[in-house]
Amino acid sequence: MKFRHLVLVPLLTLLPLSACSSDGQELTVVAAASLTETFEELATEFEKEHDGVEVTFSFGSSTTLAEQAIEGAPGDVLATADEKSMLTARDGDALAKDPTEFATNRLVIVVPAGNPAQITGLADLAGTDWVRCDDEVPCGRLALTLLSANQVAADPVSREIDVKATLAKVVENEADAGLVYATDAASAGDAVETIEIAGSEGELNRYFITPLVQDDSDGLAQEWIDFLASETGQRILTEAGFGKPE
Amino acid sequence: MKDPLGRPPARLLVPAALATLLLLVPLVALVVSTPWSLLGEQLASRDLRLALWLSVLTATVAMLVCLVIGLPLAWVLARLEFPGRGLLRALVTVPLVLPPVAAGVALMAAFGRNGLVGAPLRELTGLTLPYSTAGVVLAHTFVSLPFVVLAIEGALRSARKEYDAAAATLGATRWWAFRTVTVPLAMPGILAGMMLGWARSIGEFGATITFAGNYPGTTQTMPSLIYVSMNSNPEAARSLALVLLVFSVAVLVLLRDRWLATP
């Protein structure tokens, strides 16, 4: 019985963990999966300009992130890959300000290096093992719009849960082609080849950003949003394949 | 009713009550928060019927595959002495600790169209497992096999080896003893293992979506449908989850009453 209090010792060692954020400032950015590499690069630059600031991320599908923001998930800034999820978050009273558009993205076809199925456009997809996002996520809805605009009725072999999963299938050469964002195609480098889709410029995906009501970053959230519009921010976004806001 | 052993101690009853609450509260919350008005519309949807049927089909086939290959493996583990038996048992438990998505990645590396086994298979037969219902069954079998093997191994161990020996003195071959003595004695454990495996398959998401993909009718199981619905329509996802919950519990309770009458 005299050792009973020993169980407290491991618990006490956990205490410092809960207080460690007090010495430096932290900014938590909740962002669409398609922003992963770009935002990580932006964070490196942002941290250089802001001493002692640490940027942490939570990436996922825009709709899921909007839902989580409404449920009070921790985060200071929300960046979505479409307007609809941002409106969902606004209707759920999760936003501290009106959202602003900061970038656009377009859909492209990616094929594994060497293009094993000899695909040159949407019309060649029928009969191949190609993949796209599910109808329920933004990149899937955009794919459906473009397919019908180009009067192509090809069925995918799989409707992946997000754009990264779609890209992964092509990078791993487990699919002959996939419909992903231009930025995802750029991030995959030489592992894939990119084919433009006719009319994609007219069906842009618009990216929105805004601070959340649970923002406790002491103004860092707004500085992050301003940073995206700065010269450095715009350069990194353009290099990653993003287009200018409309 | 007075228990001759005395009052049950509070330090056992309180944690037991906590455990019960932890299991119960989320389920009650799901039932309470489900928009019942949507349920009728949900039940009529084609995607739901396809996904529920596919879940039942693949979980049942996977359970039978687990039985056909898992029962012999459990027998080997329970009855044979050989070097590396501990290692083999550890291997069986690997899918239990592996995150399901990692299991899907591993399956892709093995049976994908460029996989270790998948590439030669495709070259020889033209068959590929990803994006097919067979791929879903494979993913389910991989994650459910440990449940089946470990449950059956336990049952075979409690159907003691001495009974095999008694059968042998009466002239039974080892195969005959297995069929007529060991399996009947272990039957409740074997059925419990099959049910565990079936339940695990019904809930399987990560390995399936990573390895087999997501397409209505061929690879979209209930958990995948719930996940993609969560993206656009969380209320629909809740009622889908409720449908799966009620269905699975009903099946398990029915099977339990039918096969496993426990006092």
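A quick note: this is a predicted structure, and the numbers were derived from the prediction, not measured. (Residues numbered from 1 in each chain as written. Chains lettered and ligands numbered in written order. Predicted model: local features only at pLDDT ≥ 70, side-chain atom pairs only at ≥ 80, totals over all residues.)

A few points about the interface of chain B and chain A
Contact with chain B, which involves 18 residues of that partner, is made by 16 residues of chain A. In terms of residue count, the dominant contributor to the side of chain B that touches chain A is helix α11 (residues 222-232) of chain B (6 residues). Per-class residue counts for the side of chain B that touches chain A are 9 nonpolar, 8 polar and 1 charged. (Contact = placed C-beta atoms within 7 Å. Helix = DSSP H or I, 4+ residues; strand = E, 2+ residues; numbered from the N terminus. Nonpolar A, V, L, I, M, F, W, Y, C, P; charged D, E, K, R; others polar.)

What about helix α5 (residues 100-111) of chain B?
Think of an α-helix as 3.6 residues a turn; residues three or four steps apart then line up on the same face. Residues and elements named next belong to chain B. For α5, built from 12 residues, the straight-helix expectation of 16 Å at 1.5 Å per residue is met to within 8% by its first-to-last C-alpha distance of 16 Å. Listed in full, the buried residues belonging to α5 are P100, A103, G104, L107, M108 and F111. The buried residues of α5 occupy one face: seen down the axis, they fall within an arc of 140°. For α5, the secondary structure elements touched by its buried residues are α4 (85-97), α6 (118-125), α7 (133-158) and α10 (206-211). (Expected span 1.5 Å × (residues − 1). Buried ≥ 20, exposed ≤ 12 C-beta atoms within 10 Å, placed from the backbone. Arc of directions from axis to C-beta.)

Here's the deal with the pairing of strand β3 (residues 77-80) of chain A
All names here are of chain A. Of the two faces of β3, the one lined by V77 and A79 and the one lined by L78 and T80 are each fully buried. Bridge count for strand β1 (residues 25-32) against β3 is 3 bridges, and the pairing is parallel. What sits directly across from V29, in β3, is V77. In this sheet, strand β10 (residues 205-211) lies alongside β3 in antiparallel orientation, the contact comprising 4 bridges. Within β10, the residue paired with T80 across the bridge is F208. (Pairing = 2+ DSSP bridges.)

Considering the nonpolar core
Core analysis: the largest hydrophobic core is formed by 127 residues, its most contacted members being V77 and V110 of chain A together with I152 of chain B. In terms of residues, this core owes the most to one element, α7 of chain B, which gives 14 residues. If near-sequence neighbours (up to four positions away) are discounted, I152 of chain B is found in contact with G70, L71, A74, A186, G189, I190 and G193 of chain B. (Core = buried A, V, L, I, M, F, W, Y, C linked by C-beta atoms within 7 Å.)

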